[in-house]
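Coordinates in review
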Amino acid sequence: QQGWLHVLLEVTLEQVGGSSNEINEVPFFDVQLPYELALKIFQYLGKAELGRCAQVSRTWKILAEDEVLWYRLCQQEGYLLDTSISDHSCWKLALKNCRAREHMLKTNWKNRVGAVSQLRYEPGRVLCDVHCCDGVVMAG
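Since this is a predicted model, take the numbers as computed values, not measurements. (Residues numbered from 1 in each chain as written. Predicted model: local features only at pLDDT ≥ 70, side-chain atom pairs only at ≥ 80, totals over all residues. Heavy atoms only, no water.)

So, about the pattern of salt bridges. When the charged atoms of two side chains with opposite charge come close together, those side chains can pair. Enumeration over the complete set of coordinates arrives at 5 salt bridges. The partner of R99 in a salt bridge is E77, with the nearest N and O atoms 3.0 Å apart. Pair noted here: R99 is in helix α6 (residues 91–110) and E77 is in the loop between α5 (67–76) and α6, with a separation of 22 residues, a long-range link. Classification of R99 as partly exposed rests on a relative accessible area of 39%. Accessibility expressed as a relative area gives 30% for E77, which makes it partly exposed. Counted as one network, the salt bridges with shared partners bring together K47, E77 and R99. (Salt bridge = Lys/Arg side-chain N within 4 Å of Asp/Glu carboxyl O. Helix = DSSP H or I, 4+ residues; strand = E, 2+ residues; numbered from the N terminus. Buried < 20%, exposed > 50% of the residue type's maximum accessible area, 1.4 Å probe, protein only.)

We note that L80 has phi near 50 degrees; this positive angle belongs to a residue other than glycine. When you line up the elements, L80 lands in the loop between α5 and α6. For L80, a relative accessible area of 27% puts it in the partly exposed group.

Attention shifts here to the confidence of the model for the protein chain. Across the protein chain, the average pLDDT comes to 77, with 67% of residues at 70 or higher. Confidence over residues 16–23 falls short of pLDDT 50; this stretch has 10 contacts with residues more than four positions distant or in other chains. (pLDDT = per-residue confidence, 0-100. Contact = heavy atoms within 4.5 Å.)

Two numbers describe how α5 lies on α6: the axes approach to 8 Å, and their chain directions differ by 25 degrees. Taken together, the axes of α5 and α6 are roughly parallel relative to one another. Relative to α6, α5 is oriented so that their crossing is left-handed. Residues E67, W70, Y71, L73 and C74 of α5 form the contact with α6, whose participating residues are W91, K92 and L95. (Axes fitted to C-alpha atoms, helices over the stretch in contact; angles between N-to-C directions. Parallel < 35°, antiparallel > 145°, perpendicular 65-115°, else oblique. Left-handed = near helix turned anticlockwise from the far one by under 90°.)

Applying the stated rule across the entire model yields 2 aromatic pairs. Where F42 meets W60, the ring centres are 5.4 Å apart and the plane angle is 80 degrees; that geometry is what we call edge-to-face. In this pair, F42 is assigned in helix α2 (residues 35–42) and W60 in helix α4 (residues 58–64), connecting sequence segments 18 residues apart. By the burial criterion, F42 is buried, and W60 matches it. Judged by centre distance (4.8 Å) and plane angle (75 degrees), the rings of Y71 and W91 are edge-to-face. With Y71 in helix α5 and W91 in helix α6, this pair connects stretches of sequence that are 20 residues apart. Of the two residues, Y71 and W91, neither departs from the other in class, the shared state being buried. (Phe/Tyr/Trp six-rings, centres within 6.5 Å; stacked < 30°, edge-to-face > 60°.)

Among the secondary structure elements, D66 is positioned in the loop between α4 and α5. For the buried D66, no salt bridge is present, and the opposite-charge side chain at shortest range is R72, 9.9 Å distant. In terms of polar contacts, D66 uses its side chain to reach the backbone amide nitrogen of V68, at 2.9 Å. In this structure D66 touches Y35 and L39, once residues within four positions along its chain are discounted. (Lys, Arg positive; Asp, Glu negative; His and termini not counted. Polar contact = N/O pair within 3.5 Å; in protein donor to acceptor, adjacent residues only side chain to side chain.)

Now for the side chain of T83. In this structure, T83 sits in the loop between α5 and α6. With near-sequence residues (within four places) excluded, T83 lies in contact with Y71, Q75 and W91.

Structure (structure tokens):
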């Protein structure tokens, strides 16, 4: 089970070209890794895996909750693309809020929750309506 981890560790060590004997080391099974290298490995994990890693130890919790990881996850999922890492103090919470908002919008759309508009039809024109609420545009 640790086979894939050792291969990833060896490849990452070769890419960085460093040893695992620097300051700020992170216990990684039977090896001590520099924080930056451990962070690079954790970048391949999703939010569920990061959550599990945070339960391993205090050191892994600090690593798994690093803002860089959560900022990247937020960007990968298409949220807050026009922001920089310094725009939020907690990217884990920002991602959670974005996902909750998306879920609410989808649920409301499925359940037809929202405002009803009276559309005015003009012959030869396209029939449509647009609403904007809290920065979200809905069109139909």
